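A closer look at the structure
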Amino acid sequence: MAVYYDIHPVDPQQRLISQVVSRLRDGELVAYPTDSGYALGCALGNRDGLDRIRRIRHLDDKHHFTLVCSDFAQLGQFVTISNAYFRLIKSLTPGPYTFILPATGEVPRRMQHPKKKTVGVRIPGTPLVNAIVDLLGEPLQSSTLILPDQTEAMGVGWEVAEALEHVVDAVIDSAPDGVGVSTEPTSVIDLSGPEPVVARTGAGDVSRFE
């Protein structure tokens with residue numbers, strides 16, 4: 001049975017953030033709210049956590065997992081960013097975008113695309129997620145919580161707990177009065193080639209790439 005946390009979205013309780021981070025460090029899998037729906041997250045290098053995400057979402061080995069970072073400096077440790085894309089990413093973060101970029105040696109192989117050696121990275125604009133990643137001291141291995149029979153991310157904490165209580169270790173709810181977060185997932189921009197490619201249209205404005 002998953003542990004349920006009710007954490008303030010703007011001023012996260014440090015005691016609860018510490019408990020969540022302790023669970024992540026112990027190898028547990030957490031469902032948490034972002035600025036574009038719920039996501040599944042585990043600590044960097046947690047192989048079992050990635051396998052559990054794959055099973056929950058029915059993903060194949062070509063799926064781009066995402067490193068959720070606290071800031072641009074942390075993001076730069078895990079991906080190679082060309083001069084042409086540096087200012088672009090800087091201008092769009094934090095926000096509801098995931099960028100696919102060449103991975104550095106800091107990224108576990110199981111997170112990288114098996115052929116392209118790329119990985120997704122993002123910086124959410126939410127205090128709760130930033131508090132978790134800051135205390136953890138490294139990015140979260142993550143994937144948007146879109147179940148196999150759905151097209152949008154889940155957005156209500158108690159619904160996530162009800163659906164996944166036996167397959168995740170903890171669920172974080174940060175919405176007052178049961179009102180969920182946005183269920184529109186991030187826009188995914190592939191920057192691994194010479195020109196940006198919109199891989200998924202979501203919450204972030206993609207008009208500049210079209």
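Presented here is a report on the structure given in the accompanying data block.

**Regarding the overall build of the chain**
Each helix and strand in the chain was counted, giving six helices and ten strands. Against the globule reference of 17 Å for 210 residues, the chain gives a C-alpha radius of gyration of 16 Å, in line with a compact fold. Taken along the three principal axes of its C-alpha coordinates, the chain extends 45 × 35 × 30 Å. Counting over 210 residues, the chain shows a buried share of 53%. For the chain, restricting intrachain contacts to residue pairs at least 6 apart in sequence, the fraction spanning at least 24 positions comes to 68%. Entry remark: accessible area of the chain is about 9700 Å², with carbon and sulfur atoms responsible for 49%.

**Observations concerning the nonpolar core**
One finds Leu 40 and Phe 99 to be the most contacted residues of the largest nonpolar core, which totals 43 residues. Residue assignment for this core shows that the elements contributing at least two residues are strand 3 (37–43), helix 2 (47–57), helix 3 (72–75), helix 4 (83–92), strand 5 (97–102), strand 6 (118–122) and helix 6 (157–164). If one sorts the elements of this core by residue count, helix 4 sits on top with four residues. Counting residues in hydrophobic clusters, the runner-up holds 19 residues, among them Val 20, Tyr 32, Val 133 and Leu 140.

**Structural notes on the environment of Asp 190**
Inspection of the secondary structure puts Asp 190 in strand 9 (residues 187–190). Taking relative accessible area as the criterion, Asp 190 reaches 14% and is therefore assigned buried. Measuring from C-alpha to C-alpha, the distance between Asp 190 and Phe 99 comes to 5.8 Å, with 91 residues separating the pair along the chain. Here Ser 192 takes part through its side chain, which lies 2.5 Å from a polar atom of the side chain of Asp 190.

Here is what the cut-offs are and how they apply
- Residues numbered from 1 in each chain as written.
- Predicted model: local features only at pLDDT ≥ 70, side-chain atom pairs only at ≥ 80, totals over all residues.
- Heavy atoms only, no water.
- Helix = DSSP H or I, 4+ residues; strand = E, 2+ residues; numbered from the N terminus.
- Rg over C-alpha atoms; globule rule 2.2 N^0.38 Å.
- Buried < 20%, exposed > 50% of the residue type's maximum accessible area, 1.4 Å probe, protein only.
- Contact = heavy atoms within 4.5 Å.
- Areas by Shrake-Rupley, 256 points an atom, 1.4 Å probe, with all protein chains shown as cover.
- Core = buried A, V, L, I, M, F, W, Y, C linked by side-chain atoms within 4.5 Å.
- Polar contact = N/O pair within 3.5 Å; in protein donor to acceptor, adjacent residues only side chain to side chain.

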